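Next come the chains, spelled out residue by residue.
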Number of protein chains: 2
Amino acid sequence: MYKDMMFAKSVLEIDLSRVLLNYQKISSLVGNCNIAAVVKAEAYGLGAAKIIETLYKEGCRDFCFAYLGEVDAVQKELKDARIYLFNGLNSYEFSHAVRHNIIPMLNTLEALQQWGEYAKQIGKKLPAVIHLETGMGRLGLQESEIEKAASSQLLAYLDICYICSHLACADYRDHLMNQQQLKLIHKYAALFPNTKISMANSAGIFLGKEYHLDQVRCGCAIYGVNPIPANASQVIQVATLNAYVLQLKTLERDQSISYGARYHAKKGAQIATLACGYADGYHRLLTQNAFGFYAGYRVPIVGTVTMDTVMADVSEVPAQLLEKMEYIELLGDNITVDELAERANTIGYEILTSLGSRFKKIYIE
Amino acid sequence: MYKDMMFAKSVLEIDLSRVLLNYQKISSLVGNCNIAAVVKAEAYGLGAAKIIETLYKEGCRDFCFAYLGEVDAVQKELKDARIYLFNGLNSYEFSHAVRHNIIPMLNTLEALQQWGEYAKQIGKKLPAVIHLETGMGRLGLQESEIEKAASSQLLAYLDICYICSHLACADYRDHLMNQQQLKLIHKYAALFPNTKISMANSAGIFLGKEYHLDQVRCGCAIYGVNPIPANASQVIQVATLNAYVLQLKTLERDQSISYGARYHAKKGAQIATLACGYADGYHRLLTQNAFGFYAGYRVPIVGTVTMDTVMADVSEVPAQLLEKMEYIELLGDNITVDELAERANTIGYEILTSLGSRFKKIYIE
């Protein structure tokens, strides 16, 4: 089924044509508004290099990272793109950042002062985004700092690409905080005349035009995670995990399966052992609470998820289909990232960022 | 505090002297019995190369992996060591495996036949471990296959280093299955005269001498995870995660913290934003259910764990100590891997294998 499988057993397929479809969907929603693709954490586990290459070809020129190390690893794909750094810079990173045209988020007044002083010192206007706290409580300048920033002499040395903030509750359409945060960013924006505003994450995009402003920052929706769980997903699944069947056995006696003897199987049951475990990002909390998919059959995951393997009971699959069985789908069109997340008591984002390095990654163009 | 921190912010310290202490503790328990160090999944996330180098110097010569790809990455450190492959080999991997002296687990009768035929064909006696199913229900030959294997002509072409099996419930000292599995392996061993037996994992080692047999396979205990949670740990913590403080702020108003507005903080509260999130393996389930440690103070994790960051309420730490705060410990002597696991509704193994690639890894010799 797959070529060149030496060294790995299970396969993570990433459908780049679907990444494009999701990106185009976002484009159609936001019109002329700039889209910054969030590619931190290896593009949410799917591989930043290929994702950037794909989106760049489609015209995307704005990419967001958390750390300099992430940027460095994909410098080649970024070409002339604008590179935003969410977690900011330490002063010992400044010269490197300038050489690579990094646009840091200035998350504190101190960060703004340091970056401004550096620009002054090297005699070069440096780009930046000023991050304003409006309710997320994570990073960004609070009100008194915003006022100081707005009147800072150092702004003369900076090219403020955007002021930005981050929505805390955009995944709940009717949450009061959405409007409150929007009001606040407009209030603060008045202090920064002629400066563009960036506010919405993926969920925020679906809150409507008033949230789009000058730039949206889009991550999960591009990667097929539904940003508003209460609504039907408007994006399509991107990742498919096909777990290799290491062993298929017909039990010779009644017995339990896996650690802790949690699952009791009967003699004659067909048990498949799959090359995928929690070290590969298949959460241990999926123990006895997930299923795989093969040839039209849903097959339950049985027994404790182990570090490198998980077992599926495939007794209901007809024998002639079992003979040909090489892989079982553990994530894909038949069990989406959102469904798997719900079963693992988390969100789709964490399912994606957990996906491990031991899979063979295959990109479908 | 740390040198050379360009590109990363938070630090994962791995204390190799403690790895050694844990290994020596195991050694003292098992006497002359061979110890195979389980270094699959990047030595449970701590970095296989350094762990192997450390244990090799101490005299360890047996190392266990899940996949060929894992072995290839650390070939240099392995030198003349014996290399076991838990998940077995596919036939297209045979020639590579022979060149690299891999000892595959023969998990099925078919695997035994293929490896035996290959040995016959190339005219070279090939090493192997025959894996017998005794109750784990994961991999290994069942009874009828074991009988066939024991009488196979192909055994003449194989050097059977061990027969092995795997304990399913060794973390529960008094679980009936422990004795049942031990009985079964001895029953099957009679079919393979003069063949060594390997049975115990880390937990099995603590079940007593009768489980040690000829080889123990030790993973989690070396890495500081307590293999028998009901008992006081007999091993010491190896990993320390020091999360970098991206921002420390005094709230200018009452407000909620992070996604979903789950935590309500008062004006004047001191909130630290740390460079560590679920994409780094700090499970989202730790939301509002963990704490960090700084200068003798336990500081609660507040609000939802986000992809790249988490917030701690450090209001109780005196101002003069906050001034000097650079890092907050999220995992270490003050909050062990076992405690963090319990809070995340999992086991210490998964905490370790989740630890992400964006930390600066520092090894303490």
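Structure: see above.
Residues numbered from 1 in each chain as written. Chains lettered and ligands numbered in written order. Predicted model: local features only at pLDDT ≥ 70, side-chain atom pairs only at ≥ 80, totals over all residues. Heavy atoms only, no water.

1. Considering the overall build of chain A
Rule in force here: Numbering of helices and strands runs from the N terminus; a helix is a DSSP stretch of H or I covering at least four residues, while a strand is a stretch of E covering at least two. The buried label goes to any residue with under 20% of its type's maximum accessible area, the exposed label to any with over 50%, and the partly exposed label to all in between, with areas taken from a 1.4 Å probe on protein chains only. Under the convention used here, a 1.4 Å probe and the Shrake-Rupley method define accessible areas, while residue burial counts only the protein chains that appear. In this tally, Lys and Arg are treated as positive and Asp and Glu as negative; His is ignored, and so are the chain termini. For the purpose of locating charges, the reference atoms are NZ of Lys, CZ of Arg, CG of Asp and CD of Glu.
The helix and strand tally for chain A stands at 13 helices and 18 strands. Overall, chain A is about 80 × 45 × 40 Å in size when its C-alpha atoms are taken along their principal axes. Counting over 365 residues, chain A shows a buried share of 63%. Surface exposure of chain A reaches about 13,800 Å², of which carbon and sulfur atoms provide 49%. Charged side chains of chain A number 35 positive and 38 negative; the gap between the two group centres comes to 1 Å.

2. As for the relation of the copies chain B and chain A
For the record, the criterion: Least-squares fitting of one copy onto the other uses the C-alpha atoms of those residues that reach a pLDDT of at least 70 in both copies. Any two residues whose heavy atoms approach within 4.5 Å are treated as being in contact.
Superposition of chain B onto chain A requires a rotation of 180° combined with a translation of 0.0 Å along the rotation axis, giving an RMSD of 0.0 Å. In short, the pair behaves as if placed about a two-fold rotation axis. Among all residues of chain B, the minimum C-alpha distance to the rotation axis is found for serine 354 of chain B, at 3.6 Å. Of the interface residues in chain B, 100% have counterparts in chain A that sit at the interface too, so the contact is made through matching surfaces.

3. Some words on the interface of chain B and chain A
Note: interface size is frequently given as the accessible area lost on complex formation between the parts. Note the threshold: In short, buried area is how much 1.4 Å probe accessible area vanishes from two parts on joining, totalled over both. A side-chain nitrogen of Lys or Arg and a carboxyl oxygen of Asp or Glu constitute a salt bridge if their distance falls within 4 Å. Think of a polar contact as two N or O atoms within 3.5 Å of one another; within protein, one of them needs to be a possible hydrogen donor and the other a possible acceptor, and neighboring residues in sequence only count if both atoms come from side chains.
Taken together, the contacts link 77 residues of chain B with 77 residues of chain A. Here chain B meets chain A over a buried area of about 6,200 Å², counting both sides, of which 52% is carbon and sulfur. Between the two partners, chain B and chain A, sit six salt bridges. Here lysine 40 of chain B ties to aspartate 308 of chain A by a salt bridge, and the two come within 2.7 Å at their closest N and O atoms. Our count for the chain B to chain A interface comes out at 39 residue pairs in polar contact (both at pLDDT 80 or more).

4. Here's the deal with unusual backbone geometry
Residues other than glycine seldom take positive phi values, yet glutamine 288 of chain A does so here, at roughly 55°. Mapped onto the fold, glutamine 288 of chain A is located in the loop between strand 13 (270–274) and strand 14 (291–294). Its identity is not glycine, yet asparagine 194 of chain B carries a phi of approximately 55°, on the positive side. In this structure, asparagine 194 of chain B sits in the loop between helix 9 (176–189) and strand 8 (197–198).

5. Regarding the packing of helix 1 (residues 16–30) of chain B against helix 3 (residues 48–57) of chain B
All names here are of chain B. Note the following rule: What counts as an axis is a line fitted to C-alpha atoms, over the stretch in contact for a helix, and the angles between N-to-C directions run from 0 to 180 degrees. An angle below 35 degrees is read as roughly parallel, one above 145 as roughly antiparallel, one from 65 to 115 as roughly perpendicular, and any other as oblique. In this scheme the crossing of two helices becomes right-handed for a clockwise turn of the near helix relative to the far one and left-handed for an anticlockwise turn of less than a right angle. Gly is placed with the polar residues, together with every amino acid not listed as nonpolar (Ala, Val, Leu, Ile, Met, Phe, Trp, Tyr, Cys and Pro) or charged (Asp, Glu, Lys and Arg).
Interhelical geometry of helix 1 versus helix 3 gives an angle of 55° and a closest axis separation of 10 Å. Relative to helix 3, the element helix 1 lies oblique. Handedness of the crossing formed by helix 1 with helix 3: right-handed. Between helix 1 and helix 3, the residues in contact are Leu16, Val19, Leu20 and Tyr23 and Lys50, Ile51, Thr54 and Leu55, respectively. Each residue belonging to the contact of helix 1 with helix 3 can be placed in one class, and the counts come to six nonpolar, one polar and one charged.

6. Topic: empty space enclosed by the protein
Applicable threshold: Grid spacing is 1 Å over the protein atoms alone, the probe is 1.4 Å, and a cavity is where that probe fits but cannot get out, while a pocket is an open set with protein on both sides within 12 Å along at least five of seven lines and lining residues have an atom within 4 Å of a point. Grid points are joined across faces, edges and corners, and a volume is the space filled by probe spheres set on the points.
With the rule as written, the count across this model stands at six cavities of 30 Å³ or more. Counted as a void, the largest cavity has a volume near 70 Å³. Looking at the largest cavity, the residues that line it are His283, Arg284, Leu285, Ala344, Thr346 and Glu350 of chain A together with His283, Arg284, Leu285, Ala344, Thr346 and Glu350 of chain B. Taken together, the residues of the lining of the largest cavity break down into four nonpolar, four polar and four charged.

7. Remarks on the environment of methionine 307 of chain B
Summarising the element assignment, methionine 307 of chain B is placed in the loop between strand 15 (297–302) and strand 16 (310–313). Overall, methionine 307 of chain B belongs to the buried group, its relative accessible area being 4%. A C-alpha to C-alpha distance of 9.7 Å links methionine 307 of chain B and alanine 275 of chain B, two positions 32 residues apart in sequence. Excluding its chain neighbours within four sequence positions, the residues that come into contact with methionine 307 of chain B are Lys40, Ala41, Tyr44, Tyr349 and Thr353 of chain A together with Gly277, Tyr278, Ala279, Asp280 and Arg358 of chain B.

8. As for the packing of aromatic side chains
Residues and elements named next belong to chain A. How we decide: For this analysis, a ring pair means two rings from Phe, Tyr or Trp (six-membered ring only for Trp) whose centres lie within 6.5 Å, classed as stacked if their planes differ by under 30 degrees, edge-to-face if by over 60, and tilted for the remaining angles.
Under the definition given, this model contains 14 aromatic pairs over all chains. Where tyrosine 244 meets tyrosine 327, the ring centres are 5.7 Å apart and the plane angle is 70°; that geometry is what we call edge-to-face. Pair noted here: tyrosine 244 is in strand 10 (residues 239–250) and tyrosine 327 is in strand 17 (residues 327–331), with a separation of 83 residues, a long-range link. Each member of the pair, tyrosine 244 as well as tyrosine 327, is classed as buried. Through a chain of ring-to-ring contacts, three or more aromatic side chains come together here, namely Tyr44, Tyr223 and Tyr349.

9. Considering helix 7 (residues 109–122) of chain A
All names here are of chain A. What counts is decided by this rule: Helix span, expected: 1.5 Å multiplied by one less than the number of residues in the helix.
For helix 7, spanning 14 residues, the distance from its first C-alpha to its last is 20 Å, which sits close to the expected 20 Å at 1.5 Å a residue. The set of residues buried in helix 7 consists of Leu109, Ala111, Leu112, Trp115, Gly116, Tyr118 and Ala119. In this fold, the buried residues of helix 7 make contact with helix 6 (94–99), strand 5 (102–106), strand 6 (126–131), helix 8 (143–150) and strand 7 (158–164). Looking one or two places after helix 7, you find glycine 123, whose phi comes out positive at around 65°.

10. Details of the pattern of salt bridges
Under the definition given, this model contains 30 salt bridges over all chains. Across the salt bridge formed by glutamate 70 of chain A and arginine 358 of chain B, the nearest N and O atoms sit 2.8 Å from each other. Separated into two different chains, glutamate 70 of chain A in helix 4 (residues 68–72) and arginine 358 of chain B in the loop between helix 13 (348–354) and strand 18 (360–364) make up a pair that spans both. There is no split in this pair, since glutamate 70 of chain A and arginine 358 of chain B are both buried.

11. Concerning the pairing of strand 15 of chain B
Residues and elements named next belong to chain B. Our working definition: Only when DSSP finds a minimum of two bridges between them are two strands counted as paired.
Where strand 14 (residues 291–294) lies against strand 15, four bridges are found, and the strand directions are antiparallel. Looking at strand 15, one finds that glycine 292 is bridged to valine 299. Counting the residues between successive antiparallel strands, the hairpin from strand 14 to strand 15 contains two residues, one of them, alanine 295, with a positive phi of roughly 50°. One ladder, built from two bridges, connects strand 15 with strand 16; its direction is antiparallel. Residue valine 302 lies in a different strand from strand 16, and its bridge partner there is methionine 311.

12. Quick word on the pairing of strand 4 (residues 82–85) of chain B
All names here are of chain B. Basically, it comes down to this: We call a crossover right-handed when, viewed with the strands running away from us, the connection from the first strand over the helix to the second turns clockwise.
Relative to strand 4, strand 3 (residues 62–65) runs parallel, the two being bridged by four bridges. Along strand 4, the bridge assignment pairs aspartate 62 with arginine 82. Pairing geometry for strand 4 and strand 5 (residues 102–106), over three bridges, is parallel. Note that in strand 5 the partner of tyrosine 84 across the bridge is isoleucine 103. With respect to chirality, the unit in which strand 4 leads through helix 6 (residues 94–99) into the neighbouring parallel strand 5 is right-handed.

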